[in-house]
Amino acid sequence: MDHSSPGTCEPSSAAEAAPETLELITRITNLARNIQQRVWVLPLTLGLTAILATSFFSKAQSIQCWRMVNAVAQPVACTTTHAGSIAIPEVLPAHLVASFTFVGTPDFTWHPGTSPWFWISGTVFAVSVSFALVHRANRSRMLFATYLLAAFAGCAVIAVHGILGIPIQMAHILGIALALCIASFALRSSFLAIIAAVSFLAGAVLTRHVSDLVPFLNIWIPPPSQGYIAAGIVLILGSAVLYANTRHSARKLRRLYNVNYY
């Protein structure tokens, strides 16, 4: 009996260790897949697309205002409206008869986000770059089909937003968020879907905000560009988190197996 006791314990220990070993193998496989698929590339490229879509006006370098009183021009303090298109002089006494001259109006400088073709091209480019950087061992037909569906769905929302009843400001952000959500299924990354949802919510909240003045850049940022910036920042920050995670995972795998996955 004494000699049989150790023998009966060994199968039990092996059976208990089997699930843990399987879990470890699955975890390592998932880490390796995330590294090879470079899951951080897609939110990064989509975030840059949203940032580049920001429209802005250059604020006039100097706005000078005069009031004419008895045919004499007198300078007065003035400011611009939130649209940056007209100047408002200081309040004058009601009994004065005066006229005003405004010098310096903003120029429309950059407005790619107003074109749906910019968003369609940006979405297709982002998805294509992301797929191209996937490790060849992971370029399955299923992955290609899902990426193709992601690009098509995102572009379709942008192109037919009027038929769907989606405001044009929301359609742009919804298109890139939808593309990212669909791609997250192929990449098996729930974090990508979370990034997409947060970016859409952040963009939707600020899409209809009033124009913002950035004095140190001397520009006006009109709506819905605030929403584009917010969505882009969320996507880029999410990409940075994913990149840091895959780099950390790569170092762990190299130490364990001395294999370079990059």
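Residues numbered from 1 in each chain as written. Predicted model: local features only at pLDDT ≥ 70, side-chain atom pairs only at ≥ 80, totals over all residues. Heavy atoms only, no water.

Explain the overall build of the protein to me, please; I cannot follow it from the model alone.
Secondary structure assignment for the protein yields eight helices and nine strands. Within the protein, the fraction of its 262 residues that count as buried is 39%. Contacts spanning at least 24 positions in sequence make up 69% of the contacts within the protein whose residues lie at least 6 apart. When the accessible surface of the protein is summed, it comes to about 15000 Å², and 67% of that surface belongs to carbon and sulfur atoms. (Helix = DSSP H or I, 4+ residues; strand = E, 2+ residues; numbered from the N terminus. Buried < 20%, exposed > 50% of the residue type's maximum accessible area, 1.4 Å probe, protein only. Contact = heavy atoms within 4.5 Å. Areas by Shrake-Rupley, 256 points an atom, 1.4 Å probe, with all protein chains shown as cover.)

Would you explain unusual backbone geometry in this entry?
Note: most residues except glycine have negative phi, and most peptide bonds are trans. Residue Pro-224 follows Pro-223 across a cis peptide bond; omega there is 5 degrees. Inspection of the secondary structure puts Pro-224 in the loop between β9 (219-221) and α8 (225-257). The residue Arg-188 is not glycine, and still its phi comes out positive at about 55 degrees.

Which parts of the structure should I look at to understand a nonpolar patch on the surface?
Among the surface-exposed residues, Phe-191, Ile-194, Val-198 and Val-241 lie close enough to one another that they form a single nonpolar patch of about 320 Å² accessible area. It is helix α7 (residues 190-206) that provides the largest number of residues to the nonpolar patch, a total of three residues. As for its placement among the helices and strands, Val-241 is situated in helix α8. (Patch = residues over 30% accessible without salt bridge, like charges linked within 9 Å, V, L, I, M, F, W, Y side chains within 5 Å. Salt bridge = Lys/Arg side-chain N within 4 Å of Asp/Glu carboxyl O.)

Would you mind going over helix α4 (residues 141-159) with me for this structure?
In an α-helix, one turn spans 3.6 residues; hence positions three or four apart end up facing the same way. With 19 residues, α4 extends 26 Å from end C-alpha to end C-alpha; this agrees with the ideal 27 Å at 1.5 Å per step. Those residues of α4 that sit buried are Leu-143, Thr-146, Tyr-147, Ala-150, Ala-151, Ala-153, Gly-154, Cys-155, Val-157 and Ile-158. (Expected span 1.5 Å × (residues − 1).)

Is there a simple way to think about the environment of Phe-57 in this case?
Residue position: Phe-57 is located in strand β1 (residues 56-58). The sequence separation of Phe-57 and His-111 amounts to 54 residues, and the corresponding C-alpha distance is 8.6 Å.

Can you walk me through the environment of Ser-115 in this structure?
Tracing the chain through its elements places Ser-115 in the loop between β7 (107-110) and α3 (116-132). Linking Ser-115 and Ala-53, residues 62 residues apart in sequence, is a C-alpha distance of 9.0 Å.

Honestly, the nonpolar core in this entry has me stumped. Any pointers?
Note on soluble globular proteins: their nonpolar side chains tend to be buried together. Membership of the largest hydrophobic core comes to 36 residues, with the highest contact counts inside it found for Leu-42, Leu-46, Trp-119, Leu-143, Tyr-147, Leu-180 and Leu-192. Only α2 (41-52), α3, α4, α6 (168-187), α7 and α8 provide two or more residues apiece to this core. Not counting residues within four places of it along the chain, the set of residues in contact with Tyr-147 comprises Val-127, Ser-130, Phe-131, Val-134 and Leu-187. (Core = buried A, V, L, I, M, F, W, Y, C linked by side-chain atoms within 4.5 Å.)

Help me understand the packing of aromatic side chains, please; the structure alone is not making it clear to me.
Remark: the centre distance and the inter-plane angle together describe each pair of aromatic rings, the angle taken between the planes. Under the defined criterion, the tally for this structure stands at five aromatic pairs. Here the aromatic rings of Trp-119 and Tyr-228 are separated by 4.8 Å at their centres, their planes lie at 65 degrees, and the arrangement is edge-to-face. Taken together, the residues Trp-119 in helix α3 and Tyr-228 in helix α8 connect sequence positions 109 residues apart. By relative accessible area, Trp-119 is classed as buried at 0%. Tyr-228 gets classed as buried once you look at its relative accessible area, which sits at 3%. A network of ring pairs unites the aromatic residues Phe-118, Trp-119 and Tyr-228 as a single cluster. (Phe/Tyr/Trp six-rings, centres within 6.5 Å; stacked < 30°, edge-to-face > 60°.)

Teacher, can you tell me more about the packing of α3 against α6 here?
Each pair of packed helices can be described by the angle between their axes along with the distance between the axes. As a packed pair, α3 and α6 sit with axes 11 Å apart at the nearest point and diverge in direction by 10 degrees. By the angle between their axes, α3 is roughly parallel relative to α6. Within the contact between the two elements, α3 uses Pro-116, Trp-119 and Thr-123 and α6 uses His-172, Ile-176 and Ala-179. Of the residues that constitute the contact of α3 with α6, the class distribution is four nonpolar, two polar and no charged. (Axes fitted to C-alpha atoms, helices over the stretch in contact; angles between N-to-C directions. Parallel < 35°, antiparallel > 145°, perpendicular 65-115°, else oblique. Nonpolar A, V, L, I, M, F, W, Y, C, P; charged D, E, K, R; others polar.)

I would appreciate a short explanation of the side chain of Ser-130 in the present structure.
Looking at the secondary structure, you find Ser-130 in helix α3. Its relative accessible area of 1% is what places Ser-130 among the buried residues. With residues near it in sequence (within four places) discarded, Ser-130 still touches Val-41, Leu-42 and Tyr-147.

How do you make sense of α6 when you look at a structure like this?
Taking 1.5 Å per residue as the helical rise, α6 with its 20 residues ought to reach 28 Å, and the 29 Å between its terminal C-alpha atoms agrees with that figure. Taken across its 20 residues, α6 has 14 buried, putting it largely inside the fold. Count one or two residues on from α6 and you reach Arg-188, which has phi positive near 55 degrees.

I'm lost on the packing of α6 against α7 in this one. Help?
Packing of α6 against α7 brings their axes to within 8 Å, and their N-to-C directions diverge by 170 degrees. Classified by the interaxial angle, the pair formed by α6 and α7 is roughly antiparallel. Of α7, the residues touching α6 (which contributes Met-170, Ile-173, Leu-174, Ala-177, Leu-180, Cys-181, Ser-184 and Leu-187) are Leu-192, Ala-193, Ile-195, Ala-196, Ser-199, Phe-200, Gly-203 and Ala-204. Here the contact of α6 with α7 is built from residues that sort into 13 nonpolar, three polar and no charged.

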